[in-house]
Amino acid sequence: MCGIVGYIGNKRACSVLIEGLKRLEYRGYDSAGVCVFSGEALHIRKATGRVAEVEALACADRDIQAGTCGIAHTRWATHGEPNEVNAHPHCNHDNRIAVVHNGIIENYVTLKQFLASKGCVFRSQTDTEVLSHLISEFYEDGADSLEEAVQAALREVSGTYGIAVVCSDEPDKIVVARKGSPLIVGVGSDEYIVASDAAAIIEHTANVVYLNDNEMAVITRDGMRTMTVDNVPVTKEVQQIEWSLEQIAKGGYEHFMLKEIMEQPEAVRMSLGGRLDLREMRVKLGGLEKVSRDLVRARKVILTGCGTAWHAALVGEYLFEDLARIPTEVEYASEFRYRNPIVDDGSLVIALSQSGETADTLAALREAREKGALALGIVNAVGSTIARETDAGVYLHAGPEIGVASTKAFTCQLVVETLIALMLGRRRFMSQPTMDQYMQALTRIPEQIERVLEQSGLVRQIVAEHVDRDNWLFLGRGYNYPVALEGALKLKEISYIHAEGLPAAEMKHGPIALIHEGMPVVFIAPRCSTYEKILGNIEEVRARRGRIIAVATEGDTGIARYCDHVIYVPDCPVPLQPILTVVPLQLMAYHAAVARGCNVDKPRNLAKSVTVE
Ligand code: G6P
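A quick note: this is a predicted structure, and the numbers were derived from the prediction, not measured.

Trainee: Would you mind going over the overall build of the protein in detail, with residue names and values included?
Mentor: Check the secondary structure of the protein and you find 20 helices and 26 strands. Expected size for 613 residues packed as a compact globule is a radius of gyration near 25 Å; at 26 Å, the protein falls within 12% of this value. A principal-axis box enclosing the C-alpha atoms of the protein has dimensions of 80 × 55 × 45 Å. For the protein, the residues scored as buried account for 62% of the 613 residues in total. Looking at the protein as shown, the accessible area adds up to about 22900 Å², and 46% of this sits on carbon and sulfur atoms. For the protein, the separation between the mean place of its 63 positive charges and that of its 80 negative charges on side chains is 5 Å.

Trainee: Got a sec to walk through the sheet that holds strand β11 (residues 207-210)? Specific residues and values, please.
Mentor: Taken in spatial order, the eight strands line up as β3-β2-β4-β1-β10-β9-β11-β14 in an open sheet, and their pairing is antiparallel. Sheet topology places β3 (42-48) and β14 (239-240) at the edges, where each strand pairs with a single neighbour. Taken together, the two bridges between β11 and β14 define a ladder with antiparallel strand orientation. Looking at β14, one finds that V208 is bridged to Q239. Packing against the sheet, helix α1 (residues 13-23) makes contact with β1 (3-8), β2 (31-37) and β4 (69-75), and its axis sits at approximately 160° to β2. Contacts from helix α2 (residues 51-59) reach β2, β3 and β4 within the one sheet, and its direction differs from that of β3 by about 145°.

Trainee: How would you explain the packing of aromatic side chains if you had to name every residue and give the values?
Mentor: For the structure shown, the criterion picks out three aromatic pairs. Centre to centre, the rings of W310 and Y332 are 3.9 Å apart; their planes meet at 10°, and the pair counts as stacked. A residue pair is termed long-range when its members are at least 10 positions apart, and W310 in helix α11 (residues 307-323) and Y332 in strand β18 (residues 328-332) qualify at 22 residues. For W310, a relative accessible area of 11% gives the class buried. When the centroid spacing of 5.3 Å and the interplanar angle of 40° are considered together, the rings of Y318 and Y479 count as tilted. Of this pair, Y318 sits in helix α11 while Y479 sits in the loop between β22 (471-476) and α18 (480-495), placing them 161 residues apart in sequence. Residue Y318 is classed as partly exposed on the basis of its relative accessible area, which comes to 30%. Over the face of the ring belonging to F122 we find K112, whose NZ or CZ atom lies 5.1 Å from the ring centre. Positioned over the ring face of Y496 is R604, at 3.8 Å from the centre of the ring.

Criteria and thresholds
Residues numbered from 1 in each chain as written. Predicted model: local features only at pLDDT ≥ 70, side-chain atom pairs only at ≥ 80, totals over all residues. Heavy atoms only, no water. Helix = DSSP H or I, 4+ residues; strand = E, 2+ residues; numbered from the N terminus. Rg over C-alpha atoms; globule rule 2.2 N^0.38 Å. Buried < 20%, exposed > 50% of the residue type's maximum accessible area, 1.4 Å probe, protein only. Areas by Shrake-Rupley, 256 points an atom, 1.4 Å probe, with all protein chains shown as cover. Lys, Arg positive; Asp, Glu negative; His and termini not counted. Charge placed at Lys NZ, Arg CZ, Asp CG, Glu CD. Pairing = 2+ DSSP bridges. Contact = heavy atoms within 4.5 Å. Axes fitted to C-alpha atoms, helices over the stretch in contact; angles between N-to-C directions. Phe/Tyr/Trp six-rings, centres within 6.5 Å; stacked < 30°, edge-to-face > 60°. Lys NZ or Arg CZ within 6 Å of the ring centre and 35° of its normal.

Encoded structure:
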């Protein structure tokens, strides 16, 4: 996904910009560019492929090397194919104004026609180029400053943007603005670093200003002014980034994904931290205190998210109905606002998002609030847009998740959902002894995940036997049905093996036709009320000579008779099982991707944070 970096200070801008872009590489991109002000003009270098390509070009350019102010971008193509011309920055007709942009200008066709009628010649196929010409129009048409021209241009624009703009007539100034795409300004000593993601800032400073939607900042060597895009001054607080650079680095593992899988015991401990009051045996969620009465009164819960977060929402549906007895629905965030959902002031809408920036999830959240729902967030990235736009929420505190395939965020989302469901359940009907059991069981979960992780070698061996098979099935029932979906998604995402996840009983209604000799079928089959039924499903696959890999409860030696391989997870109450049963499936996907030589942390065509619709 697109990334923005900007710099003004005493250092060589080019190095800071390139380093910043490298820190954002994990988000996924297909081309990159830098623009540095040399003292006289703007100097731009762009390339497709890796940031290193742009770095090589920039290093060979003396003007670029000399500058101490500039902007840079990594692009993930939306309008126009990934090539050098479409890469950002984009300039106006005489290259005096340069713009980098994240988001989508929705009315760019109309604006383009208008600008073309005034003589603008477009070089690229992008929506962003429209912005550079539009700003230029206003600049040349009497605007007093670059910021005034930017404001005028943004008034004409509909869509989403995080932008950084420079102009050679106003050297040593960067104008930034946001609506729908994150922008953060790092405040160092005698320097400012602008970025769409804190990862590009933290090696310089932990002091940051988060811009809200419709806000902008004018940054010069003398300081920063913040205002709305309508030019109403706003005072912004300088906040501290919580994550250290070291946390973001790989920590000795070969891949971020493996590091994040292995970090899950710690991540879950952090998610639970201070929230289980074992003295009074109650759940304490500080982020929900101000809305606790509304929560208890809620008549229905709608959980929404995308991708892995949506699977966590599906587990949430079981948790909320089972533990809190509240009618619960799950909606794809991308569908939510287009299907006129029934939401009212008795509804509690909970948006799940690791990044807190997923465009569809944010849009669903806004729709829900507009319809009168109380909106909560279960978010990992502190200070992200979703976190700031909800009425209340609970952070995951899982630490940064860099690997594109989400792992520790998923388990922590399940933990937080369980905490909320328990808190509500206890206030509505759950007895204290039942509550006590769940709370005690939760405290054991981190150590139980450790035991599952110890089997990574076994999982690798199992996977090695089947990794050449191009079609896999994942089957589970009840709480473990969403786990089957998540297992299939993980495998698809990073190993490019086709996989389907299903409720096990649905197999008979179609997918059983696919089963043939040697096809790997993964059953998530821990002890639960439907255990006998899933054994029946295993038999059905066996009869058709599928190869069976089961995830089962420790001590269930009997299941081995029906299966080719068994991976055991510790026993725990059924509502907590997904937190354990998903872990072998994450490892399975990881080892399959490594065995197939895939780029684990940056799978093809995928982005970590999808900030466009
Ligand atoms: C992308 C990522 C997924 C992630 C989804 C939702 O598709 O590749 O791994 O689950 O976005 O992201 P979020 O940050 O909202 O949880």
